[in-house]
Number of protein chains: 2
Amino acid sequence: MKARVHVMLKNGVLDPQGEAVRHALGAMGFDGVEGVRQGKVIELDLAEGATEAQVTEMCERLLANTVIENYTVEMSA
Amino acid sequence: MKARVHVMLKNGVLDPQGEAVRHALGAMGFDGVEGVRQGKVIELDLAEGATEAQVTEMCERLLANTVIENYTVEMSA
């Protein structure tokens, strides 16, 4: 079974990576890019029987810095 | 309008970040984590009228290194 975790900086937290991408896209002639936020996606291959609660615990303890980051968990078969 | 781009290393390309996460989860007592791949997610705020083709061009030219990375684009209103 698989889990996909998205980790994004919270709104209001400065995102220099995203800002660099926005600036670079503008410099390359892509108009109309109003904002860019960059985050992480982590795909986990899990043994059968793993639960969303376990993945949430992984996020709380390791995958996300919950002071400045939000995360979402999606499970799939 | 918004676009979300996922950039993941291609299968077969070594992913040391993912491997480090897998190892750390095992050391923390999370059993049954069989594999971890880590990638990037980029959320773009775009002006009205932006097309998926434009975002694909951004991926090809800047957001992804297509030698070693795959990307997917999702558009939403």
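Criteria and cut-off values
- Residues numbered from 1 in each chain as written.
- Chains lettered and ligands numbered in written order.
- Predicted model: local features only at pLDDT ≥ 70, side-chain atom pairs only at ≥ 80, totals over all residues.
- Heavy atoms only, no water.
- UniProt positions renumbered as here; feature names shortened; annotations may be inferred.
- Least-squares fit on C-alpha atoms with pLDDT ≥ 70 in both.
- Contact = heavy atoms within 4.5 Å.
- Helix = DSSP H or I, 4+ residues; strand = E, 2+ residues; numbered from the N terminus.
- Polar contact = N/O pair within 3.5 Å; in protein donor to acceptor, adjacent residues only side chain to side chain.
- Buried area = accessible area lost by both parts, 1.4 Å probe.
- Salt bridge = Lys/Arg side-chain N within 4 Å of Asp/Glu carboxyl O.

- Labelled according to an unreviewed UniProt entry, chain A appears under the name Phosphoribosylformylglycinamidine synthase subunit PurS, originating from Sulfitobacter albidus.
- The Pathway (unreviewed entry) field of the UniProt record for chain A holds the comment "Purine metabolism; IMP biosynthesis via de novo pathway; 5-amino-1-(5-phospho-D-ribosyl)imidazole from N(2)-formyl-N(1)-(5-phospho-D-ribosyl)glycinamide: step 1/2."
- Turning to chain A, the UniProt record has this under Catalytic activity (unreviewed entry): "N(2)-formyl-N(1)-(5-phospho-beta-D-ribosyl)glycinamide + L-glutamine + ATP + H2O = 2-formamido-N(1)-(5-O-phospho-beta-D-ribosyl)acetamidine + L-glutamate + ADP + phosphate + H(+)".

1. Digging into the relation of the copies chain B and chain A
Working step 1: When chain B is fitted to chain A, the residual RMSD is 0.0 Å, and the transformation amounts to a turn of 180° plus an axial shift of 0.0 Å. Expressed as an axis order, the relation between the two copies is that of a two-fold axis. Among all C-alpha atoms of chain B, that of B:Lys40 lies closest to the rotation axis, at 2.3 Å.
Working step 2: The overlap is high: 100% of the interface residues of chain B also sit at the interface in chain A, so the same surface is used on both sides.

2. Considering the side chain of A:His6
Working step 1: Inspection of the secondary structure assignment puts A:His6 in strand S1 (residues 2-9).
Working step 2: Of note is the side chain of A:His6, whose polar atom sits 2.6 Å from the side chain of B:His6.
Working step 3: Excluding residues that lie within four positions of it along the chain, A:His6 makes contacts with A:Lys40, A:Val41, A:Asn70, A:Tyr71, A:Thr72, A:Glu74, B:Arg4, B:His6 and B:Val41.

3. Overview of the interface of chain B and chain A
Working step 1: The interface is formed by 30 residues belonging to chain B together with 30 residues belonging to chain A.
Working step 2: Buried surface at the junction of chain B and chain A, both sides included, amounts to about 2700 Å², of which 66% is carbon and sulfur.
Working step 3: In terms of surface lost to chain A, no three residues of chain B exceed B:Met28, B:Phe30 and B:Val41, which account for 19% of the buried area on that side.
Working step 4: Taken together, the connections running from chain B to chain A amount to zero salt bridges.
Working step 5: Our count for the chain B to chain A interface comes out at 11 residue pairs in polar contact (both at pLDDT 80 or more).
Working step 6: For the side of chain B that touches chain A, the elements supplying multiple residues, two or more each, are strand S1 (2-9), helix H1 (16-27), strand S2 (33-46) and helix H2 (52-63) of chain B.

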